Amino acid sequence: MRITSSLLAIALTGTILASPAHARTIAPAQAPSLSLDTFKKVTEELSSDAFEGRAPGTIGEEKTIALLQQEFQKAGLKPGNNGSWVQAVPLVEITPQNLSAITITGGKTPPALSFGQDIVYNTSRVLPRIDIKDSPLIFVGYGINAPEKGWNDYAGLDVKGKTVVILINDPDYAMEGLDGPFNGRAMTYYGRWTYKYEEAARQGAAAALIIHDTVPAAYGWNVVQSGWGSSQLVADTPEGGAGTAPLANGWISLDKARELFASAGQDLNAQMAAAKQPGFKALDLGQKISFSFDTTTKKTLSHNVIGILPGKTRPDEVVLHSAHWDHLGRCPAAPDGDDICNGAIDNATGTAALVTLAQAHAKAGPTDRSLVFLAVTGEESGLLGSDYYAANPVYPLEKTVGGINMDALSMGGLARNVTVIGKGKSQLDTYLERALSSQKRASDTDPSPEKGYYYRSDHFSFAKRGVPMLYFEGGQDLVKGGVEAGRKAAEDYTANRYHGPKDEYNPNWDWSGAMADVRLYYDIGRVLVTTTDWPNWTEGDEFRAIRDQSAASRK
Ligand SMILES: [Zn+2]
């Protein structure tokens, strides 16, 4: 079915906005044949129980890869990886076994810790056994080493073989505004749990424990408990994770962290306050931790699916549309016994939108630059598929113009606005504003920058290597019901369906909002593959320097 009349009306009134200069002269794309049927059908199929929640390395993966290849082929794309539709992504599943008791020695009243309730950990190292023995506990504040900000919580510290205790988020997360040393209320990458472990590994720590705290973490202890108690999927690298992860990494509950500090004669609140100050000095907690576990490891080859619409005149210049196809597979059951995390919103919608875009772009015919459609694996386990592609790009990153990532499209109905995660970071915003104006919609910044969404989906794998990426979707200002309705819908999703068995396909969804968003993704992609422009990061942005290093290859 073609797009609805209201969208057609929107499409035909596209106006032209300011710079970049040559983008101004490009006429808005002809109304594409965005198929709502395809969008619905592929979303429904991918999120059906038959796909078992699309966990990497499972039958769910096999079915998903087969469906995507078939749909990309039917849409008229070419295989995107040197004649193949797939890029193999080596992963290894690590499952802790035979967990020992956890002992803390030293201190006045060393806390008793039980795994799963008070503390959780695993390893991303491919080793048969992890043995942490009498490892001194060192509180390192936010555990940040940011030379460009003159901040180093590890300054003058030797934590080799020790266990570092770290705060989540970054030192100024509690600020109202966004103008603190670490962007105020907005979380920087330094605030992400992945960064904490990466830095602890660089410092040589044997283990790293993050103190869970609901507000700065932006999710409850229950999310940590369910995410960390079982197997972990990590990249299968020749180093087996050495250098990128300590032997063990995990979380400790806030209550137990309080007891640990009290046992050291310290007040956790006072130490949290001290950690926010420049020049913070790490603290030896005068106690040692011991625990061990065996692991079973299962190596698996998961797959990114890649299709291409080759460009006519500048085929080596590439524009990306991306979405992750994977989800959690089987997960802790709901009260009704349903244990399949179907991942309808997250991210069957984004993957189906990728197919819908491929169809429409192919129907509209090739343009000057190439369009690559990238469905990546392993996002739920830490952006594994997109990180693997960006580290092993089929199309060189320096000649990758930019891209648009889609993750969990909103099914709340048409919104007057879109929420741009990372608004203002790059010149791609100009392309978005241009497309929005043809829909008479507006863009807003992320209402919850403290949640660090910018670092939690696949565009980040490209952004951190300098490729400008857009990540946005329908906002909360719904045409039907306004911001209140939008906020309610978002809260309902987060509370009742996000990463749970009830994120299921709903035949009563109002698709008008998602279709309007897909139209924006289409328009921006279409203009980017026509222009000779190379949009860059905004001056001063954290990724601008790395992009400028390869400027010569874009001359
Ligand atoms: Zn997702």
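Residues numbered from 1 in each chain as written. Predicted model: local features only at pLDDT ≥ 70, side-chain atom pairs only at ≥ 80, totals over all residues. Heavy atoms only, no water.

Colleague: I'm lost on the overall build of the protein in this one. Help?
Modeller: From N to C terminus, the protein includes 16 helices and 20 strands. Relative to its length of 555 residues, the protein is compact, with a C-alpha radius of gyration of 24 Å against a globular reference of 24 Å. Across the 555 residues of the protein, 57% fall into the buried class. A fraction of 83% describes how many contacts in the protein between residues 6 or more apart in sequence connect residues 24 or more apart. For the protein, the accessible surface area stands at approximately 21300 Å², while carbon and sulfur atoms represent 54% of it. Computed over 53 positive and 63 negative side-chain charges, the inter-centroid distance for the protein is 4 Å. (Helix = DSSP H or I, 4+ residues; strand = E, 2+ residues; numbered from the N terminus. Rg over C-alpha atoms; globule rule 2.2 N^0.38 Å. Buried < 20%, exposed > 50% of the residue type's maximum accessible area, 1.4 Å probe, protein only. Contact = heavy atoms within 4.5 Å. Areas by Shrake-Rupley, 256 points an atom, 1.4 Å probe, with all protein chains shown as cover. Lys, Arg positive; Asp, Glu negative; His and termini not counted. Charge placed at Lys NZ, Arg CZ, Asp CG, Glu CD.)

Colleague: What is the right way to read the domain arrangement of the protein from this model?
Modeller: When the parts of a complex come together, some accessible area is lost, and that lost area is often used as the size of the interface. Each assigned domain of the protein is listed here: domain 1 (5–91 + 299–554) and domain 2 (94–297). Inter-centroid distance (C-alpha atoms) of domain 1 to domain 2 is 32 Å. Taking both sides of the interface into account, the surface hidden between domain 1 and domain 2 amounts to around 1500 Å²; carbon and sulfur atoms contribute 61%. The largest share of the area that domain 1 buries against domain 2 comes from K299, E450 and Y455, three residues that together contribute 35% of it. Inspection of the domain 1/domain 2 interface yields two salt bridges. (Domains from an automatic or database assignment. Buried area = accessible area lost by both parts, 1.4 Å probe. Salt bridge = Lys/Arg side-chain N within 4 Å of Asp/Glu carboxyl O.)

Colleague: Help me understand the pattern of salt bridges in this model?
Modeller: Close approach of charged atoms allows side chains with opposite charge to pair. Applying the stated criterion across every chain, the model contains 30 salt bridges. A salt bridge links K298 to E93; the nearest nitrogen and oxygen atoms lie 3.8 Å apart. Here K298 is found in strand β12 (residues 283–309), whereas its partner E93 is found in strand β2 (residues 86–97), with 205 residues between them in sequence. With relative accessibility at 46%, the residue K298 sits in the partly exposed group. Note that R544 is salt-bridged to D548, the shortest N-O span being 3.0 Å. Of this pair, R544 and D548 both sit in helix α16 (residues 544–548), four residues apart, which is roughly one turn of the helix. Looking at R544, the relative accessible area reads 17%, which means it is buried. Overall, the relative accessible area of 34% leaves D548 in the partly exposed class. When salt bridges that share partners are traced, they join R314, E317, D368 and R369 into one network.

Colleague: What should I look at first to understand unusual backbone geometry in this one?
Modeller: What you tend to see is this: most non-glycine residues have negative phi, and most peptide bonds are trans. Of note, the amide linkage connecting D346 to N347 takes the cis form, showing an omega dihedral of 10°. Residues other than glycine seldom take positive phi values, yet E52 does so here, at roughly 50°. Residue N82 is not a glycine yet carries a positive backbone phi of 50°. Tracing the backbone through its elements, the reader meets N82 in the loop between β1 (78–79) and β2.

Colleague: Is there a simple way to think about the coordination of the zinc ion in this case?
Modeller: Those donors, H324 (NE2), D346 (OD), D407 (OD) and D407 (OD), are the protein atoms that reach the zinc ion, and they lie 2.0 to 2.7 Å from it. Between the four donor atoms coordinating the zinc ion, the angles at the centre fall across 51 to 144°, so the site counts as irregular. Donor residues binding the zinc ion come from one chain and are separated in sequence as H-x21-D-x60-D. Of this pair, D346 sits in helix α10 (residues 344–364) while D407 sits in the loop between β17 (400–406) and β18 (417–420), and the two are 61 residues apart along the sequence. D407 matches D346 in its accessibility class, with the two residues each being buried. (Donors = N, O, S within 2.8 Å, 3.2 Å for Na, K, Ca; no water. Tetrahedral: all angles 85-135°; square planar, octahedral: opposite > 155°, others 65-115°.)

Colleague: How should I be thinking about α10 in this particular structure?
Modeller: The periodicity of an α-helix, 3.6 residues per turn, causes residues three or four positions apart to be oriented the same way. End to end, α10 covers 28 Å across 21 residues, agreeing with the expected 30 Å (1.5 Å per residue, within 8%). Most of α10 sits out of view: 19 of its 21 residues are buried. Just past α10, the residue G365 takes up positive phi, approximately 90°. (Expected span 1.5 Å × (residues − 1).)

Colleague: Please explain the packing of aromatic side chains as it appears in this structure.
Modeller: Two numbers describe a pair of aromatic rings. These are the distance of the centres and the angle of the planes. This structure, assessed with the given rule, holds 27 aromatic pairs. Seen in terms of ring centroids, F115 and Y121 are 4.8 Å apart; in terms of plane orientation they differ by 70°. Their pairing is edge-to-face. Residue F115 is classed as partly exposed on the basis of its relative accessible area of 28%. When the centroid spacing of 5.7 Å and the interplanar angle of 20° are considered together, the rings of Y121 and F293 count as stacked. Of this pair, Y121 sits in strand β4 (residues 119–122) while F293 sits in strand β12; the two residues are 172 residues apart in sequence, bridging distant segments of the chain. We note that Y121, like F293, is buried. Three or more aromatic residues joined by ring pairs form one cluster here, namely W151, F182, Y189, Y190, Y195, Y454, Y455, F460, W537 and F543. For K149, the ring lying beneath its charged end belongs to F182, and the centroid distance is 5.2 Å. (Phe/Tyr/Trp six-rings, centres within 6.5 Å; stacked < 30°, edge-to-face > 60°. Lys NZ or Arg CZ within 6 Å of the ring centre and 35° of its normal.)

Colleague: I tried to follow the packing of helix α12 (residues 428–437) against helix α15 (residues 512–528) on my own but got confused; where do I start?
Modeller: How two helices pack is summed up by the angle between their axes together with the distance between the axes. Running from amino to carboxyl end, α12 crosses α15 at an angle of 125°, the nearest separation of the two axes being 9 Å. If you check the angle between α12 and α15, you find them oblique. Pair α12 / α15 crosses with right-handed handedness. Residues L428, Y431, L432, R434, A435 and L436 of α12 pack against L520, D523, I524, V527 and L528 of α15. Looking at the contact of α12 with α15, its residues break down into nine nonpolar, no polar and two charged. (Axes fitted to C-alpha atoms, helices over the stretch in contact; angles between N-to-C directions. Parallel < 35°, antiparallel > 145°, perpendicular 65-115°, else oblique. Left-handed = near helix turned anticlockwise from the far one by under 90°. Nonpolar A, V, L, I, M, F, W, Y, C, P; charged D, E, K, R; others polar.)

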